[in-house]
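Chain residues, written in single-letter form:
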Amino acid sequence: LAKTTQPISMDSYEGQEVNITCSHNNIATNDYITWYQQFPSQGPRFIIQGYKTKVTNEVASLFIPADRKSSTLSLPRVSLSDTAVYYCLVGDDRGSTLGRLYFGRGTQLTVWP
Amino acid sequence: DGGITQSPKYLFRKEGQNVTLSCEQNLNHDAMYWYRQDPGQGLRLIYYSQIVNDFQKGDIAEGYSVSREKKESFPLTVTSAQKNPTAFYLCASRVQGQDTQYFGPGTRLTVL
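This text gives an overview of the structure that appears in the document. Note that the coordinates shown come from a computational prediction; the quantities given were computed from them, not determined experimentally.

Turning our attention to the overall build of chain A. In terms of helices and strands, chain A carries zero helices and nine strands. Going from N to C terminus, chain A has its helices and strands arranged as β-β-β-β-β-β-β-β-β. The C-alpha atoms of chain A give 13 Å as radius of gyration, which agrees with the globular expectation for 113 residues (13 Å, within 12%). For chain A, the spread of C-alpha atoms along the three principal axes comes to 40 × 30 × 25 Å. Burial status across chain A gives 48% buried among its 113 residues. Looking at chain A alone, contacts between residues at least 24 apart form 59% of all its contacts between residues at least 6 apart.

Next up on the list: unusual backbone geometry. Put simply, serine 7 of chain B and proline 8 of chain B share a cis peptide bond, and its omega is -10°. Assignment of secondary structure puts proline 8 of chain B in the loop between β1 (4-7) and β2 (10-13). Positive phi is not limited to glycine here, since threonine 53 of chain A has a value of about 55°. Position of threonine 53 of chain A relative to the elements: it lies in strand β5 (residues 53-56). Here arginine 68 of chain A, not a glycine, exhibits a phi torsion of approximately 60°, which is positive. Looking at the element boundaries, arginine 68 of chain A is found in the loop between β6 (61-64) and β7 (70-75). Residue arginine 68 of chain A is classed as buried on the basis of its relative accessible area of 8%.

Criteria and thresholds
- Residues numbered from 1 in each chain as written.
- Chains lettered and ligands numbered in written order.
- Predicted model: local features only at pLDDT ≥ 70, side-chain atom pairs only at ≥ 80, totals over all residues.
- Heavy atoms only, no water.
- Helix = DSSP H or I, 4+ residues; strand = E, 2+ residues; numbered from the N terminus.
- Rg over C-alpha atoms; globule rule 2.2 N^0.38 Å.
- Buried < 20%, exposed > 50% of the residue type's maximum accessible area, 1.4 Å probe, protein only.
- Contact = heavy atoms within 4.5 Å.

As structure tokens, then:
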């Protein structure tokens, strides 16, 4: 599975837009890009998934360039409750193989008042 | 409500004792997973199971054992052979064709 690289930590203020970029140079043709969010002492929660271009849901947007070697999670107008660890995963997450996913250390986002 | 339950939320054991962590799901998911998380670290895969009566080792299986006798249940036993068992343990499940793993609330194990 493709390895991902993302910043260890980021800081922001309430109301700002936050963009977290993830590098995945060895992404395979069948791989999807998935982002999870984890609060302290809780299990990770699925945020968004995409294959190419742009995906948007009620929580976030995911931007993927044409070469798919990186992706950017965009959180609009963050609040204090968005303080969490964000994980970028790359793999065949459509469940077709029911295989394993790899969670790295993620990005600790801290939102300040 | 459908979901994944893990019990207990906090668990204390003396060194040298085996302990079993419970994971139950009523989502009718085929695959189940156990992860370990240490402070400031990501999730590391211990074991996973794609179907009943079958499971595979993850990256850190030494000192752990699992069973999958029922689709709904995937208990994890932390044995005395595990050198540093104190950690946060997360169970997850996934069904073929869906995009995501669903996680339970976790069990924080402390070995005294």
